[in-house]
Every structure is written in structure tokens, then in C-alpha cells.
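# Fold and contact review
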Amino acid sequence: MSTGSRGPLRLGTRKSLMATTQSQGVADALSRLTGHAVELVGVTTQGDVSKALLAQIGGTGVFVNALRDKVLSGEVDFAVHSLKDLPTSETPGIALAATPARDDARDALCGPAKLADLPRGARIGTGSPRRVAQLRALRPDLEIVPIRGNADTRLRKVTDGELDAVVLAHAGLKRIGRLDAVSEVFDPDQMLPAPGQGSLALECRADRDDLRALLGTIDDAPTRRAVTAERTVLAVLEAGCSAPVGTYAAEVDERLHLTATVAAYDGSRQVRLSASGHPDAAEQLGRDLADRLLAQGADQLMGERE
Ligand SMILES: NCc1[nH]cc(CCC(=O)O)c1CC(=O)O
């Protein structure tokens, strides 16, 4: 096949430590399974250069569009993204070729103590409306400070004393080797992660059947079903990665369980619902749960900004 005879497969990736670590993991797994050499090609995305808060630059797609352009032009064979950064809308010409086995999906608090033990009025950094809303619901007294930047930059604000704590994805902290900074891992009962958090997405051109089959060797079916349910909730709500929407799906005893929340930005109200169904009906499960969230006023909650 063409990919093999022309030398190594070219894997497009963001250049951050988190991105290159996860991309190298994918490259190694693919080489092991298929015998193909894989080479990383670093790409700068809008999300890497803009200093604006994600919620302000529009959120959806800022970390992925430049990578997709390179996939479409053929400069790279495929791209590895954090799945939670992918917009839910399909992109013409691009196929989701694989979702490898998911890492820990949960959020983690990085600070001197567990959330309940932080002093009144402690300053917590996060730029995610989803985390803000759920933090406010748990601890209305906290001062929430909007921040951006890579995980290391955010952790430094805690060691520098500018902030008391930050909330980051456990999976990302693991990839950059900073689980030492974690003081508490949030149970999904306390804080629901972003749809797709902790999982990766491999995208290639939709017309390259050979490549799709090759990349598909590292697809993990339970992960794909779980993230399908989660992302369908987001899609039906017409929300993006910067919306106050949390979800978590997992298979237990051959049933797919899904929980989702939509919160008001000020944390004053949350709608939170659960459902379970057959794992093969992941999309329907997500669709039904989103419809129930909407029936309980989810769109009104999401429409409210501070
Ligand atoms: N939006 C940035 C982003 N995209 C993916 C991750 C973490 C890794 C993952 O969830 O797969 C992060 C950082 C964070 O939320 O802490």
C-alpha cells in the first residue's frame, strides 16, 4: 500500500509536551501493531498562539483546524488530537479513524489540599465554564480566576503563590509527568468531565480506506461507544468545548451508563440526569438524554452568561 512504500507514516501533532507525549504513544502503538514506522510532524494551531481566553476566541476547533488542513492537503497522513478539543460537527473529507483506549477521564485539583479543606475564599484557576460552574456549586465561597496556557504554566501559578489551586485533566497531567501536583481527583459525582476527556482521536482523509483500516487497529470499541454517547449529548445541545456541559459514559456489566449535566455559569443551578442502554445504541442514548436535559431547561441555563 502507498503509505508503506513511501516511507514512514507522518503523524501531525501539536507541539506541546502533552501533545507530543500522547502522539508518541500512538506512534509507538501503531508501529508495534502494524510494523509501520511513524514520524511526528509538529504543527502550530491557533489555540497555541492566541492569548485570548478560549471562550472568547470561539472555542471550537482552535486546536484542530490547522492539523486538519495538513491532513486534507496530504502534508501529514493523519493527526492525533485530544478528543475533547474536537468540534462535534463532521468535517467534510475528514474521518475519525480511531479512538484508542481512554485514559482516566476525571478532573484533578492541583493545590495544597482537597477542595473541602481549602480556606474560605481560596483562589482557584480555571478557564473552563464547565469547571467554573461545577466548582461554584461545590464551594460557592471560592474565588475563581480565569486562566489559560499549558498545564505547566498553570501549575506554576500555584507554586508561585498567585493562585491557591488549579483544576486540570488527570489524563493531561499524567502525560506530562505531573501527577505529583494532584491533591484530589474529582469523582464524576462531584464534577463531570468534558465530553471525550482523557481520550484521543486519530483523523485521516476520508478517502484513504487503506489508512483508515491501518489506524483502526488501535481503535478501542468500548471507548468509542462511551465517547459517542458523550459527544452526542454535546452535539444535540449544540454546545462546544467551552460550554458548561459535563458528561461521563462507561460500560458496566454490558450496559452503557451515561450521566450528563448542564450548569448555569454561576453554579446556582444544575440539571443532571443519567440513563443507561445497550452499548450498541450509544448515539441514541446520548440523544435521548440530551432531549431530557433540554426538556428540563438546559438551553436556558446555557444561554445565561455572567
Ligand atoms: N483544552 C485543553 C486540553 N485538551 C485536552 C486536555 C487534557 C487531556 C485530555 O483530556 O485528553 C487539555 C488540558 C486540560 O483540560 O487540563
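Above: the structure in question.
What comes next concerns the included structure. From a predicted model like this one, the values you see are computed outputs, not experimental measurements.

Once that is clear, we can look at helix α4 (residues 65–73). Along an α-helix, a turn takes 3.6 residues, which lines up residues three or four apart on a common side. Within α4, the full set of buried residues consists of Leu67, Arg68 and Val71. Down the axis, α4 shows its buried residues gathered within 100° of arc, on one side only. Packed against the buried residues of α4 are β1 (9–13), β3 (78–82), β4 (94–98) and β10 (200–205). Just beyond α4, the residue with positive phi is glycine 74, at close to 85°.

Residues in contact with the ligand, as listed here, are Met18, Ser82, Lys84, Asp85, Arg131, Leu168, Ala169, Gly172, Arg175, Gln197 and Gly198. In the environment of the ligand, a nitrogen atom lies 3.1 Å from a nitrogen or oxygen atom belonging to the side chain of aspartate 85. Backbone polar atom of alanine 169 to an oxygen atom of the ligand: 2.9 Å apart, as the coordinates give it. For the ligand, the protein covers 87% of the area, taking 390 Å² as the surface of the free molecule. Elements with a minimum of two residues in the shell around the ligand: β8 (165–169) and α7 (170–175).

Let us look at helix α10 (residues 282–295). Look at α10: 20 Å from first C-alpha to last across 14 residues, which is about the 20 Å you get at 1.5 Å a residue. For α10, the set of buried residues is Ala282, Leu285, Gly286, Leu289, Ala290 and Leu293. Mapping the buried residues of α10 onto a view down its axis gives an arc of 125°, with all of them on the same face. On its buried side, α10 packs onto α9 (221–236), β12 (255–263), β13 (270–277) and α11 (298–303). In the stretch just after α10, glycine 297 is the one whose phi turns positive, near 95°.

It is worth spelling out the nonpolar core at this point. By size, the foremost hydrophobic cluster in this structure holds 25 residues, and its most contacted members are Leu237, Val245, Val262 and Leu293. Where this core is concerned, the elements lending two or more residues are α9, β11 (245–252), β12, β13, α10 and α11. Ignoring anything within four residues of it in the chain, the contact list for valine 262 reads Leu237, Pro244, Val245, Arg269, Gln270, Val271, Leu293, Ala298, Leu301 and Met302.

Criteria and cut-off values
Residues numbered from 1 in each chain as written. Predicted model: local features only at pLDDT ≥ 70, side-chain atom pairs only at ≥ 80, totals over all residues. Heavy atoms only, no water. Buried < 20%, exposed > 50% of the residue type's maximum accessible area, 1.4 Å probe, protein only. Helix = DSSP H or I, 4+ residues; strand = E, 2+ residues; numbered from the N terminus. Arc of directions from axis to C-beta. Contact = heavy atoms within 4.5 Å. Near = heavy atom within 4 Å. Polar contact = N/O pair within 3.5 Å; in protein donor to acceptor, adjacent residues only side chain to side chain. Areas by Shrake-Rupley, 256 points an atom, 1.4 Å probe, with all protein chains shown as cover. Expected span 1.5 Å × (residues − 1). Core = buried A, V, L, I, M, F, W, Y, C linked by side-chain atoms within 4.5 Å.

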